[in-house]
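Observations on the model geometry
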Amino acid sequence: MAPANSDRLREIIHLELGARSYDIHIGCGLLKELGVELTRLRCAGKVGVVTDRNLAAHYLKPVARVLKAAGYTVVPIVLPPGERTKTLRSIGTVMDALVDARFERSSTLLALGGGVIGDITGFAAAIYQRGIPFVQVPTSLVAQVDSSVGGKTGVDHPKGKNLIGAFNQPRAVLIDPATLRTLPEREWIAGLAEVIKYGVIEDESFFEYLEQHIAPILTLSDAPVAHIVKRSCEIKAQVVAEDEREADRRRILNFGHTIGHALESLGGYRGMIHGEAVAVGMVYEADLARHLGYCEHGVVTRLRALLAAAGLPVTLPNVPFRALWEAMQQDKKVSAGTVYCVVPERIGSVRIVPLAKEPTRAWYETVRTRNTGSRQRIPRKKPPR
Ligand SMILES: NC(=O)c1ccc[n+]([C@@H]2O[C@H](COP(=O)([O-])OP(=O)(O)OC[C@H]3O[C@@H](n4cnc5c(N)ncnc54)[C@H](O)[C@@H]3O)[C@@H](O)[C@H]2O)c1
Ligand SMILES: [Zn+2]
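Bear in mind that the values here come from a model prediction, so they are computed numbers and not experimental data.

Some points on the pairing of strand β6 (residues 134-138)
- Most of β6 sits inside the fold, with 5 of its 5 residues counted as buried.
- Side chains of β6 alternate between two faces, with Phe-134, Gln-136 and Pro-138 and Val-135 and Val-137 buried alike.
- Summarising the sheet, strand β5 (residues 108-113) and β6 pair through 5 bridges and their orientation is parallel. The residue of β6 that forms the bridge with Gly-113 is Pro-138.
- Of the crossover connections in this fold, the one passing from β5 over helix α5 (residues 115-127) to the parallel β6 is right-handed.
- Here β6 runs beside strand β9 (residues 172-175); their pairing, made up of 2 bridges, is parallel. In the sheet register, Val-135 faces β9, and the bridge partner there is Ala-172.

Here it is, written out as structure tokens:
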């Protein structure tokens, strides 16, 4: 694909963070222009391409080729795929590779992969020689619409997800939606949960767009896919620009995640994948909001219908209240023992409210009554090969 006309097809979103500001570029075929892009970003010398084995099979050779053609020395750092790689041990592996290849302060890291690779690479870039530049090249839908934007980086601890990390903004985010064609279907659909979330928290007309275009989105038509990636990035960039370090407003991005994270942890890292848990979390947080009088019933039915049309799970697995409530306490939105939850007021607007245990238990009883008959268990993910 010729780079010549790509600017016409490219969307650029600016994320304003003062000295840490950067642009998010979205364009089909962008992967073929990474050399030009890095030169434009004034990246010099060596480029460490951090990726996982799945991505390496598809993209490492062509990416290395375009970077070398632009004069860069390329050092590939290939990690095993999956959440289990998001550890301090992998950070050690990246550090070893950078030291061995004599990376300097001016060298660059490039994250070529999903959220796992992006989070690891951003954190490695924050600490190697007290900080070197990095560029995000997200390849999963979750990474393109969520994890690559906003500067949260880090790894998991055996006792909890994302416990170790740093805020570290990339020099740019370069998104080629064409990479989504090789993403496994389950991962693609899970990413749609985060896309739908943006409609609920911020933009009713985007939610309507998703309702009307879910069929061509599911078949990966170029224009609707590029549009949903762009609109999601715009909303995330806007929220992050208003509250980079999650003091307040950024917490609206956690809609669906209080119950979602609880379901993930009850599945012990092997149950639903993140987006699936967030889909169920959004339906039930909306239903809880309806029960508590924050929104109309129509919000829940519309949300459930769109998530189901996208192929996402919408029914709460059979979990005792005590286990669910305890798992909700582990969530990072708990402050001084109170669980805070993002609840919709209508499609396009949410607020953050404290949840008390007894009203939540009363609501849960009604859920259990309605759900008897569909005694669904938390699905087991296939263990990694
Ligand atoms: N930093 C943040 O703000 C933030 C936000 C949301 C999620 N996250 C983190 O992101 C991670 C989840 O991200 P994810 O869903 O991308 O998971 P992931 O990185 O594990 O990718 C999912 C799977 O898809 C594969 N894959 C990715 N892109 C592909 C492509 N184009 N073609 C073929 N295979 C591809 C990967 O190899 C992996 O097996 C979690 O660790 C989560 O904590 C971070
Ligand atoms: Zn999420």
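On we go from here.
Quick look at the domain arrangement of the chain
- Each domain of the chain was delimited in the assignment, giving domain 1 (3-181) and domain 2 (186-371).
- Put simply, the middle of domain 1 and the middle of domain 2, counted by C-alpha atoms, are 27 Å apart.
- Facing the 23 residues of domain 1 at the interface are 24 residues of domain 2.
- Looking at the side of domain 1 that touches domain 2, the elements that each hand over two or more residues are β1 (11-15), β2 (22-26) and α6 (141-147).

Overview of the sheet that holds β2
- Taken together, the 7 strands give an open sheet; going across it, the order is β1-β2-β9-β6-β5-β3-β4, and neighbouring strands pair in mixed fashion. Two strands lie at the open edges of the sheet, namely β1 and β4 (73-79), each paired on one side alone. Neighbour-to-neighbour, the strand axes of the sheet open up by a mean angle of 20°, direction not taken into account.
- The sheet strands contacting α5 are β3 (46-52), β5 and β6, and the helix crosses β5 at an angle near 170°.
- Seen against the sheet, helix α9 (residues 222-242) touches β1, β2 and β9 and runs at an angle of roughly 10° to β1.

Definitions and cut-offs
For every chain, the first residue of its written sequence is number 1, and the numbers climb from 1 along that sequence. Chain labels run from A onward and ligand labels from 1 onward, assigned in the order the entries are written. Selection of residues for local features in this predicted model requires a pLDDT of at least 70, selection of side-chain atom pairs for listing and counting requires 80 or more, and totals for whole chains, interfaces and linings are taken over all residues. In this scheme every C-beta is placed from the backbone, and a residue whose C-beta has 20 or more other C-beta atoms within 10 Å is buried, one with 12 or fewer is exposed, and one in between is partly exposed. Counting from the N terminus, the helices are DSSP H or I runs at least four residues long and the strands are E runs at least two residues long. At least two DSSP bridges between two strands are needed for those strands to be called paired. If the strands point away from the viewer and the path from the first strand over the helix to the second runs clockwise, then the crossover is right-handed. Just so you know, the domain bounds were taken from an automatic or database domain assignment. Think of it this way: build a C-beta for each residue from its backbone, and any pair within 7 Å is a contact. Lines are fitted to the C-alpha atoms to define the axes, a helix being fitted only along its stretch in contact, and any angle between axes, read from their N-to-C directions, falls within 0 to 180 degrees.

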